[in-house]
Amino acid sequence: MLIGVIVVAGGRGQRLGGAVPKQLLEIGGRSLLRRSVDAFDRHPDITELVVVLPQDLVDDGRMLVGDTARTCRFVAGGARRQDSVRQGLGALSPAVDVILVHDAARPFVDADLITRVIRATSDVGAAVPGVQAKDTVKRVDVGAGLIAETVPREEVWLAQTPQGFRRQVLEDAVALGATDLAATDEAMLAEKAGYPVAIVRGDDRNTKITTAEDLVRARATMSAAAPRVGTGYDLHRLVEGRVLVLAGVVIPFERGPHAHSDGDVVCHALVDAMLGAAGAGDVGRHFPNTDVRWKNAAGLDLLTRTMAIVAEAGWRCASADVTVVLERPKLAPHVDRIRQALADTLGVAVSAIGLKGKTNEGVDAVGRGDAIASHAVAVLVPEDVR
Ligand code: MG
């Protein structure tokens, strides 16, 4: 049995109201579209994929979706959802005999749900995942603003995707959909075409991102579920005639870091930790010491710029822990101010910032007091909606 998937992302998601098409909005650093495609690309039973995009995004399809293990084609959608599915069907290999149609706005579909839909489709010919209504269901006379009746709750299921169809069933459904008949899902067309459609257990987590509130909730869920962690390290020689600065706090001392910038090892290590966690390169790539722009650059300024870089990738720093290794002077009197400066810059509580001073027990250049080093760990979580 060859199983193909049509991921429908042909709309603009105007209810979310932003300039970015809904399917390209990111949750935890990956777009809704990419999450949806990845879920099927990882499933062992899937043979090939077709992604239906708005016309102006088709050429960028591969870049938007990234590498896939299965064959993945990109086609332009039509005016209505059913037209987009027809376009998608036309792009699948003729040998595909079961087709799953999935809405890209459901980025949390998991392998078990996909498997349930495939099984029921191969048994019945068409299958839809659904969750049973939890609230009491009323049919309403909309014009009168009055309840017409109470519908038995066990008879009401809320349809999700992926919806599965044997090829002939979807072809007949799509043919019916080519008429004026407006459908909100493919199963409705299969029902109208006279086919039985099985209902299988859906998943409450397989939620559809429709409103800004949905997006906020999904990002919050992800932030609890999937933080990113990065580490950073920095070292500078200590020389006379330089000012010792840690997170913008001036530490009275007779020597300071030899550096193109201000040599703030706390900020530099933290910048690398954040960039590392976001998979966004390192301090040398973004702020090279060959560039005059960064001559004497303040560490806190680089940290602020780094926040913007990771925010662009959908992340913010939720907490950080830094160890400074130096022989002299004692760091203890400055720890609270350094933590406060980092907390203020990162926009987090002081309790989210760790800062420890260590000596190197007289060992090597740091131990001799000829250098200062710093280690940092940063935890990134998906950025909230701006
Ligand atoms: Mg440095």
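Everything below is about the structure shown above.
Here the structure is a predicted model, which is why all the values come from computation and not from measurement.

S.K.: Any chance you could explain the pairing of strand E8 (residues 137-141) here in plain terms?
M.R.: In regular strands, side chains alternate between the two faces of the sheet. Bridging between E8 and strand E9 (residues 146-151) involves 5 bridges; their strand directions are antiparallel. Looking at the pairing, Val137 lines up with Val151 of E9. Counted along the chain from E8 to the antiparallel partner E9, the turn is 4 residues long, and its residue Gly145 has a positive phi close to 70°.

S.K.: Explain the coordination of the magnesium ion here, please?
M.R.: The textbook angles at a metal center are 109.5 degrees for a tetrahedron of four donors and 90 or 180 degrees for an octahedron of six. Within the protein, the atoms that donate to the magnesium ion are Asp234 (OD), Asp234 (OD), His236 (NE2) and His268 (ND1), at distances of 2.2 to 2.6 Å. All donor residues of the magnesium ion come from one chain, and their arrangement in sequence is D-x1-H-x31-H. Of the two residues, Asp234 sits in strand E13 (residues 228-240) while His268 sits in helix H8 (residues 265-277), which places them 34 residues apart along the sequence. Here Asp234 matches His268 in class, with each residue buried.

S.K.: Can you walk me through helix H3 (residues 81-91) in this structure?
M.R.: Residues three or four positions apart in an α-helix share a direction because the helix packs 3.6 residues into each turn. If you check which residues of H3 are buried, you get Gln82, Asp83, Ser84, Val85, Gly88, Leu89 and Ala91. As for H3, its buried residues are in contact with strand E1 (3-8), strand E4 (46-53), strand E5 (71-76), strand E6 (98-103), helix H5 (167-177) and helix H6 (186-192).

S.K.: What should I look at first to understand unusual backbone geometry in this one?
M.R.: Most peptide bonds take the trans form, and the phi angle of most residues other than glycine is negative. Put simply, Thr161 and Pro162 share a cis peptide bond, and its omega is 10°. Residue placement: Pro162 occurs in the loop between strand E10 (157-159) and strand E11 (163-166). Looking along the chain, the bond that leaves Arg328 and enters Pro329 is cis, with omega of -5°. A positive phi angle is found at Asn296, which is not glycine, with a value near 60°. By the element assignment, Asn296 lies in the loop between helix H9 (283-286) and helix H10 (299-312). Unusually for a residue other than glycine, Asp364 sits at a positive phi of about 55°. Tracing the backbone through its elements, the reader meets Asp364 in helix H12 (residues 364-367).

Conventions and cut-offs
Residues numbered from 1 in each chain as written. Predicted model: local features only at pLDDT ≥ 70, side-chain atom pairs only at ≥ 80, totals over all residues. Heavy atoms only, no water. Pairing = 2+ DSSP bridges. Helix = DSSP H or I, 4+ residues; strand = E, 2+ residues; numbered from the N terminus. Donors = N, O, S within 2.8 Å, 3.2 Å for Na, K, Ca; no water. Buried < 20%, exposed > 50% of the residue type's maximum accessible area, 1.4 Å probe, protein only. Contact = heavy atoms within 4.5 Å.

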